[in-house]
Amino acid sequence: QKEVEQNSGPLSVPEGAIASLNCTYSDRGSQSFFWYRQYSGKSPELIMSIYSNGDKEDGRFTAQLNKASQYVSLLIRDSQPSDSATYLCAVIKKSSGDKLTFGTGTRLAVRP
Amino acid sequence: KAGVTQTPRYLIKTRGQQVTLSCSPISGHRSVSWYQQTPGQGLQFLFEYFSETQRNKGNFPGRFSGRQFSNSRSEMNVSTLELGDSALYLCASSPIGDTQYFGPGTRLTVL
């Protein structure tokens, strides 16, 4: 079982729709959760961090964390073609210092 | 603030050579981590430095090494390059906390 799992996609949504990206993790000792966006040929860019159960909103982005279910998600409202990218879920475990463990990423395509 | 900078941006080497990559963190950030990204393996952690000390190391062979200087700048070195070392090498800096910000990366091609 991979430590962090994501559906590789592609997830295709029409412009203006809500895109829902999901991530599960295996280690209950995970304490910090991050979503990064990576455009093709570029480096990952931090979108959101979340540490507590519940929702955290930042503009069009909402991160949701459920530690009991070991599940973290990212919602993108009013999706735009410029949101088309690979979204990487990453976690930090208490036992591993500041080491980020990444999922393989979900490719999102927003259709105009 | 200026972001994380990495040099060089692109490198072409041949098998058996060695390479040194450089990373300058965001001003005030004392933690620097290195990651390797390949299409097959995704993003994998190499090592992390804080105040010139290696705090954490990933599962890479000893050919991969790094160091951090007193000004927080970091270098990583790969000796005896193999074809499989071709990858995007990413540096990320962090303040005392765990949020990491990535540099643009160094694209290494081994022929």
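I will try to describe carefully the structure that is included in this document.

### Looking at the interface of chain A and chain B
- Between chain A and chain B, the residue contacts involve 17 residues of the former and 19 residues of the latter.
- In this assembly, chain A packs against chain B so that about 1400 Å² is buried in total across both faces, 52% of it on carbon and sulfur atoms.
- Taken together, the connections running from chain A to chain B amount to 0 salt bridges.
- Sorting the residues of the side of chain A that touches chain B by element identifies β4 (30–38) and β9 (85–93) of chain A as the ones contributing at least two each.
- With 4 residues, the single largest contributor to the side of chain A that touches chain B is β4 of chain A.
- Residue composition of the side of chain A that touches chain B, grouped by class: 9 nonpolar, 5 polar and 3 charged.

### Topic: the state of the cysteines
- Counted under the stated rule, the structure contains 2 disulfides over all chains.
- Across a sulfur-sulfur distance of 2.1 Å, Cys 23 of chain A and Cys 89 of chain A are joined as a disulfide pair. Measuring handedness by torsion sign, the sulfur bridge of Cys 23 of chain A and Cys 89 of chain A sits at about -70° and is left-handed. Here the residue Cys 23 of chain A occupies a position in strand β3 (residues 19–25), and Cys 89 of chain A occupies one in strand β9, the gap between them amounting to 66 residues. Cys 89 of chain A shares its class with Cys 23 of chain A; the two are buried.
- Two residues, Cys 23 of chain B and Cys 91 of chain B, share a disulfide whose sulfurs are 1.7 Å apart. Across the S-S bond of Cys 23 of chain B and Cys 91 of chain B the torsion is about -55°, and the bridge reads as left-handed. Taken together, the residues span a long stretch of sequence, with Cys 23 of chain B in strand β3 (residues 19–24) and Cys 91 of chain B in strand β9 (residues 87–94) at a distance of 68 residues. Exposure class is identical for Cys 23 of chain B and Cys 91 of chain B. Each is buried.

Procedures and definitions
- Residues numbered from 1 in each chain as written.
- Chains lettered and ligands numbered in written order.
- Predicted model: local features only at pLDDT ≥ 70, side-chain atom pairs only at ≥ 80, totals over all residues.
- Heavy atoms only, no water.
- Contact = heavy atoms within 4.5 Å.
- Buried area = accessible area lost by both parts, 1.4 Å probe.
- Salt bridge = Lys/Arg side-chain N within 4 Å of Asp/Glu carboxyl O.
- Helix = DSSP H or I, 4+ residues; strand = E, 2+ residues; numbered from the N terminus.
- Nonpolar A, V, L, I, M, F, W, Y, C, P; charged D, E, K, R; others polar.
- Disulfide = S-S within 2.5 Å.
- Buried < 20%, exposed > 50% of the residue type's maximum accessible area, 1.4 Å probe, protein only.

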